[in-house]
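# Residue-level structural notes
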Amino acid sequence: MGGPWQPPQPRSLLLLLLLPTLQVHGTHPDCSVVLHFQKRELECLKRIQSESQSPALPGQEGCPTEWDGVSCWPALPLGQSRAVACPDILNVFKKSKGLIQRNCTEWGWSLPSPPYHSACQLETLGSNNDTEAKARHFVTMKVLYTCGYSTSMAALLLAIGIFSCFRKLHCTRNSIHIHFFTSFILRGTAVFIKDSVLFSDESIDHCTMSTVTCKAAITFFQYSVLANFYWLLVEGLYLQTLLLLTFTCDRSYTWGYILIGWGVPMVTVGVWVLTRLQYDNHGCWDDYSSLYWWVIKAPILLAIFVNFLIFLNVTRMLAQKIRCPDLSKTHKQQYMRLTKSTLLLIPLFGVHYVVFALFPKHVGVDARLYFELVLGSYQGFLVALLYCFLNGEVQAEIRRNWGKWQRSMESNVFNLATQDFTA
C-alpha cells in the first residue's frame, strides 16, 4: 500500500452504491436513504470530536474513529481488524447479511474488503449511456406534463370565461363548475411553482433543502391537490342533491359547498403544517414516507370513498328514474345530460389514486409516474371538455350569441352601405 487511504466523499459513495436502486416518485425523489446516512454521519462526527478532546496515551496509537461515507468505524489499535455488517437500510433493496472488514495498518485504515457493492449485493453504477437515457426519459416526461398542464389551464380559463360571459349560464351548477375548474388551475400553477423552486438549480441539494420558500411551495401544492379532490366531491354531492330535489336549484347550499371545497382542504393543510413544524420539521416536507403524510392522504382517500358511494347511489337513482313510466322523454334526457359527466369523472379520478395508495411505494413506479404526471396533467382539459365544450346548453348559447353577433354585423354593414349610397 503506497500511502494512507483517503475515504471518498459521502455523497459520491452513496450515489455509487444507491443510485441504481433509488426510486423516483411523481413529485420529488425519495431522500430517506440519503437522510439516513447523513444522520449516521452526524453521530459519527460527534464521536470523533469527543475522542479528539482526549488524546491517546503513548503506546496506544492506532486508527482513530472514521466515517467512510457508509459506516462509522470505531477506533482500533494498530495491527487489529474490525468487521461491520451492511447498513440495515440497504436491506430494503437487497437482503444481505454480508460483512465488510478493514484493518488498522501503519498507514491508517485499509480499504473495505470486500467492497460494499459486493458484500451488500448492490448493483454497480450503470453506464453513462444508461444514465443519459434515464435523464432523457425524465426530461421528455417533464415536457409532456408541462404541455399537459398548459393545455389544461388554457382550456379551463376559456371555459371559465364562457360561463362568466353568458348570463343565461349563471346558475349554482355552473358556479360549482367554475370552482372546480379553478382548483385545477391552482393545481397546475402549484406544479410549475414547485418545479421552479425544487428543480430550477441542479447544484441545490434537494435532500437537505429546508427553506421557507420550499416548504411554502409544497404546502401550496398539497392544498391544491386536496381542493381538487374535494371540489370533485362537491360535484358529486350537488348531482345527488339535484336528483333528490328534482332539479330544484337551491342556492342555500352554495356556501356549504364552498366550505367543503375550499375550507376542508384549508383546515387539513393547516393541521399538517402545524404537525410538521412541531414534530417533523426537516427537509422540504416532501418526504412521503413520513407518518404525518397520512394527515393529507387520509382526507383524500375519504373524499374518494364518499364519491364512490355517491357514484353507486346516483347510478341507482338514475336507473329508477329512467325506468319510471310517468317520466317524460325530455326529463329523461335532462337526467342523462346532467349526470353523464360527473359519473364519468368520479371513477376516473379516484381509481388510480386508490390503487397506488394501497400498494407499496416501490411497486409500479413507472406506471405511477405516467398516471400522476403525464395523464394527470390532462385531467383539467378533460374536465373543461365534458362540463363546458361538449355541454349542449353551452353550445346552444354560443350558437345563439354567435348568430346574434353575425346579424348585428350584417346589419351594421348594411347600414354603412346604405349611408354611403344615399350620401
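Basis of the calculations
- Residues numbered from 1 in each chain as written.
- Predicted model: local features only at pLDDT ≥ 70, side-chain atom pairs only at ≥ 80, totals over all residues.
- Heavy atoms only, no water.
- UniProt positions renumbered as here; feature names shortened; annotations may be inferred.
- Helix = DSSP H or I, 4+ residues; strand = E, 2+ residues; numbered from the N terminus.
- Buried < 20%, exposed > 50% of the residue type's maximum accessible area, 1.4 Å probe, protein only.
- Contact = heavy atoms within 4.5 Å.
- Areas by Shrake-Rupley, 256 points an atom, 1.4 Å probe, with all protein chains shown as cover.
- Pairing = 2+ DSSP bridges.
- Disulfide = S-S within 2.5 Å.
- Core = buried A, V, L, I, M, F, W, Y, C linked by side-chain atoms within 4.5 Å.
- Axes fitted to C-alpha atoms, helices over the stretch in contact; angles between N-to-C directions.
- Parallel < 35°, antiparallel > 145°, perpendicular 65-115°, else oblique.
- Left-handed = near helix turned anticlockwise from the far one by under 90°.
- Nonpolar A, V, L, I, M, F, W, Y, C, P; charged D, E, K, R; others polar.
- Salt bridge = Lys/Arg side-chain N within 4 Å of Asp/Glu carboxyl O.
- pLDDT = per-residue confidence, 0-100.

Per an unreviewed UniProt entry, the protein chain is named Growth hormone-releasing hormone receptor, and its organism is Helopsaltes ochotensis. Of the protein chain, the UniProt comment under Subcellular location (unreviewed entry) reads exactly: "Cell membrane". UniProt, in its Sequence similarities (unreviewed entry) section for the protein chain, records the words "Belongs to the G-protein coupled receptor 2 family."

### Observations regarding the overall build of the protein chain
Within the protein chain, the regular secondary structure consists of twelve helices and seven strands. Relative to its 423 residues, the protein chain shows a buried fraction of 40%. Counting contacts in the protein chain only where the partners sit at least 6 residues apart, residues at least 24 apart contribute 72% of the total. Accessible surface for the protein chain amounts to roughly 23300 Å². Of this, 63% is attributable to carbon and sulfur atoms.

### Considerations on the sheet that holds strand β7 (residues 108-109)
Taken in spatial order, the three strands line up as β5-β6-β7 in an open sheet, and their pairing is antiparallel. Each end of this open sheet is capped by a strand with a single partner; those strands are β5 (81-85) and β7. For β5 and strand β6 (residues 99-105), the ladder comprises five bridges, and the chain directions are antiparallel. Counterpart to Ser81 in the pairing with β6 is Asn103.

### Considerations on the state of the cysteines
Within the structure shown, the criterion is met by three disulfides. Across the disulfide, Cys44 is cross-linked to Cys72 (sulfur-sulfur distance 2.1 Å). Here the S-S torsion is close to 70°, and the disulfide linking Cys44 with Cys72 is therefore right-handed. Of this pair, Cys44 sits in helix α2 (residues 32-52) while Cys72 sits in strand β3 (residues 72-73), and the two are 28 residues apart along the sequence. What makes Cys72 partly exposed here is its relative accessible area of 24%. Paired by a disulfide, Cys63 and Cys104 hold their sulfur atoms 2.1 Å apart. Judged by the sign of its S-S torsion, about 100°, the bond between Cys63 and Cys104 is right-handed. Taken together, the residues Cys63 in strand β1 (residues 62-63) and Cys104 in strand β6 connect sequence positions 41 residues apart. As far as burial versus exposure is concerned, Cys63 and Cys104 are alike and both buried.

### Details of the nonpolar core
Counting 64 residues, the largest nonpolar core has Phe180, Phe181, Trp231, Ile296 and Ile300 as the members making the most contacts within it. Listing elements by their share of this core, those giving two or more residues are α4 (128-165), α5 (172-198), α6 (212-244), α7 (254-279), α8 (294-323), α10 (365-377) and α11 (379-389). In terms of residue count, the dominant contributor to this core is α6 (18 residues). Judged by nonpolar contacts, the second largest core, of 15 residues, contains Cys44, Cys63, Tyr116 and Ala119.

### Focus on unusual backbone geometry
Across the junction of Ser113 and Pro114, the peptide omega takes the value -10°, indicating a cis bond. When you line up the elements, Pro114 lands in the loop between β7 and α3 (116-119).

### Here we look at the packing of α5 against α11
α11 packs onto α5 with a crossing angle of 165° between their chain directions and a minimal axis gap of 10 Å. As summarised for this structure, α5 and α11 are arranged roughly antiparallel, according to the angle between their axes. Judged by the twist between their axes, the crossing of α5 over α11 is left-handed. Judged by residue contacts, His177, Phe180, Phe181, Phe184 and Arg187 of α5 engage Gln379, Gly380, Val383, Ala384 and Tyr387 from α11. For the contact of α5 with α11, the class distribution of residues is six nonpolar, three polar and one charged.

### Things to note about the pattern of salt bridges
Counted by the stated rule, this structure contains eight salt bridges. Here Lys194 makes a salt bridge to Asp195, at a shortest N to O gap of 4.0 Å.

### Quick look at the environment of Cys86
Its location among the elements puts Cys86 in the loop between β5 and β6. Between the C-alpha atom of Cys86 and that of Leu99, which follows or precedes it by 13 residues, the distance is 6.3 Å.

### A few points about the packing of α6 against α7
It is at 8 Å that the axes of α6 and α7 come closest, and there the two elements cross at 150°. Comparing the axis directions of α6 and α7 gives the class roughly antiparallel. For the pair α6 and α7, the crossing hand works out as right-handed. Grouping the amino acids of the contact of α6 with α7 by side-chain chemistry returns 20 nonpolar, five polar and no charged.

### As for the confidence of the model for the protein chain
Averaged over every residue, the pLDDT of the protein chain is 76; residues scoring 70 or more account for 67%. Element-level pLDDT for the protein chain is lowest in helix α1 (residues 10-18), with a mean of 35, against a maximum mean of 94 in α7. Contacts from residues 1-30, a stretch scored under 50 in pLDDT, to residues over four places away or in other chains number 72 contacts.

### Regarding the pairing of β6
In regular strands, side chains alternate between the two faces of the sheet. Of the two faces of β6, the one holding Ile100, Arg102 and Cys104 is buried and the one holding Leu99, Gln101, Asn103 and Thr105 is not buried anywhere. In the sheet, β6 pairs with β7 via two bridges, with the strands oriented antiparallel. Across the sheet, Cys104 pairs through a bridge with Trp109, a residue of β7. Taken together, β6 and the strand that follows it, β7, pair antiparallel across an intervening segment of two residues.

### What to know about the UniProt feature "transmembrane region" (unreviewed entry) in the protein chain
As annotated by UniProt and renumbered to match this structure, "transmembrane region" (unreviewed entry) occupies residues 143-164, 176-193, 229-247, 254-274, 294-314, 342-363 and 369-390. End C-alpha atoms of residues 143-164 are separated by 31 Å, and the span's content is 100% helix alongside 0% strand. Helix makes up 100% of residues 254-274 and strand 0%, with an end-to-end C-alpha separation of 29 Å.

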